[in-house]
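Here's the letter readout for the chains.
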Amino acid sequence: YGKYRERYGEKYQGYILSDEDRKRLITYQEHKCAICGIEEARNVDHNHNSGEVRGLLCSGCNLGLGWFEKVGGTAISSYLSSTPFAVIRQSITVTR
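Presented here is a report on the structure given in the accompanying data block. Counting restarts for each chain: residues are numbered from 1 in the order of the written sequence. Given that the model is predicted, a residue must reach a pLDDT of at least 70 before its local features are reported, and side-chain atom pairs must reach 80 or more before they are shown or counted; all residues, however, enter totals for whole chains, interfaces and linings. Note that water and hydrogens are dropped before the side-chain values are worked out from all heavy atoms of the structure.

**Structural notes on the state of the cysteines**
As used in these notes, a disulfide is a covalent bond between sulfur atoms, one from each of two cysteines.
Piece 1. Cysteine sulfur atoms are paired as a disulfide whenever they fall within 2.5 Å. Applying the stated rule across the entire model yields zero disulfides.
Piece 2. Unpaired in this structure, Cys-58 has its nearest cysteine sulfur neighbour in Cys-61, at a distance of 3.7 Å.
Piece 3. Residue exposure (1.4 Å probe, protein chains only): buried if accessible area is under 20% of the type maximum, exposed if over 50%, otherwise partly exposed. Assessed through its relative accessible area of 17%, Cys-61 is described here as buried.

**What about the pairing of strand S3 (residues 43–46)?**
Piece 1. What you see with S3 is no split at all: Asn-43 and Asp-45 on one side and Val-44 and His-46 on the other are buried throughout.
Piece 2. Both S3 and strand S4 (residues 53–57) contribute to a ladder of four bridges, which runs antiparallel. Residue Val-44 lies in a different strand from S4, and its bridge partner there is Leu-56.
Piece 3. Between the antiparallel neighbours S3 and S4 lie six residues, among them Gly-51 with a positive phi of about 80°. Runs of E in the DSSP output that reach at least two residues are strands. Runs of H or I that reach at least four are helices, and both are numbered from the N terminus. Note on pairing: two strands pair once DSSP finds at least 2 bridges between them.

**Considerations on the pattern of salt bridges**
Piece 1. Throughout this description, the term salt bridge denotes a Lys or Arg side-chain nitrogen within 4 Å of a carboxyl oxygen of Asp or Glu. Under the criterion given, the structure shown has six salt bridges.
Piece 2. With its nearest N and O atoms 2.5 Å apart, the salt bridge here joins Asp-19 to Arg-22. Pair noted here: Asp-19 and Arg-22 are both in helix H2 (residues 19–28), with a separation of three residues, about one helical turn.
Piece 3. The salt bridge involving Asp-21 is made with Arg-24; its shortest N-O contact spans 3.4 Å. Residue Asp-21 and its partner Arg-24 are both found in helix H2; the two are separated by three residues, about one turn of the helix.
Piece 4. For Arg-24, a relative accessible area of 54% corresponds to the exposed category.
Piece 5. Each of Asp-19, Arg-22 and Lys-23 takes part in salt bridges that share partners, so that together they form one network.

**A look at the nonpolar core**
Piece 1. Here, nonpolar core refers to any group of buried Ala, Val, Leu, Ile, Met, Phe, Trp, Tyr and Cys residues whose side-chain atoms link them within 4.5 Å. If you look at the biggest cluster of nonpolar residues, it comprises six residues: Leu-17, Leu-25, Ile-26, Ala-41, Val-44 and Leu-56.
Piece 2. Once residues within four sequence positions are removed from consideration, Leu-25 is found in contact with Leu-17, Val-53, Gly-55 and Leu-56. Here, two residues are considered to be in contact whenever any of their heavy atoms come within 4.5 Å of each other.

**Focus on the packing of helix H3 (residues 59–71) against helix H4 (residues 73–81)**
Piece 1. The contact between H3 and H4 brings their axes to 6 Å, and the two run at 90°. Relative to H4, the element H3 is oriented roughly perpendicular. Counting all contacts with H3, which are made through Trp-67, Phe-68 and Val-71, the residues of H4 involved are Gly-73, Ala-75 and Ile-76.
Piece 2. Amino acid classes used here: Ala, Val, Leu, Ile, Met, Phe, Trp, Tyr, Cys and Pro are nonpolar; Asp, Glu, Lys and Arg are charged; the rest, including Gly, are polar. Split by residue class, the contact of H3 with H4 holds five nonpolar, one polar and no charged. Every axis corresponds to a line fitted to the C-alpha atoms, with the helix fit spanning only the stretch in contact, and the corresponding angles, defined between N-to-C directions, vary from 0 to 180 degrees. The labels follow the angle: roughly parallel below 35 degrees, roughly antiparallel above 145, roughly perpendicular from 65 to 115, and oblique for the rest.

What is shown is where atoms sit, not what they do.
Pasting the structure below:
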């Protein structure tokens, strides 16, 4: 964090986040991702419409959340409730 702060001032990963707020987030989240709580949080999560910072995430959760927001929860729920294989399985004869 230090080199980035020295180079860019109060911007953190391109988002306006004071050094004090960054430290408070890290302490509040105990250095862990706000979603999974397992990995070290290295990414600033933000609202893509407003730019408002929401928290710190690990890379996996940050990518997953971005994808989820793009596709939408409804599409994912629909897929999980009726997967393509579950639909076609009804017409497949399973032989062993």
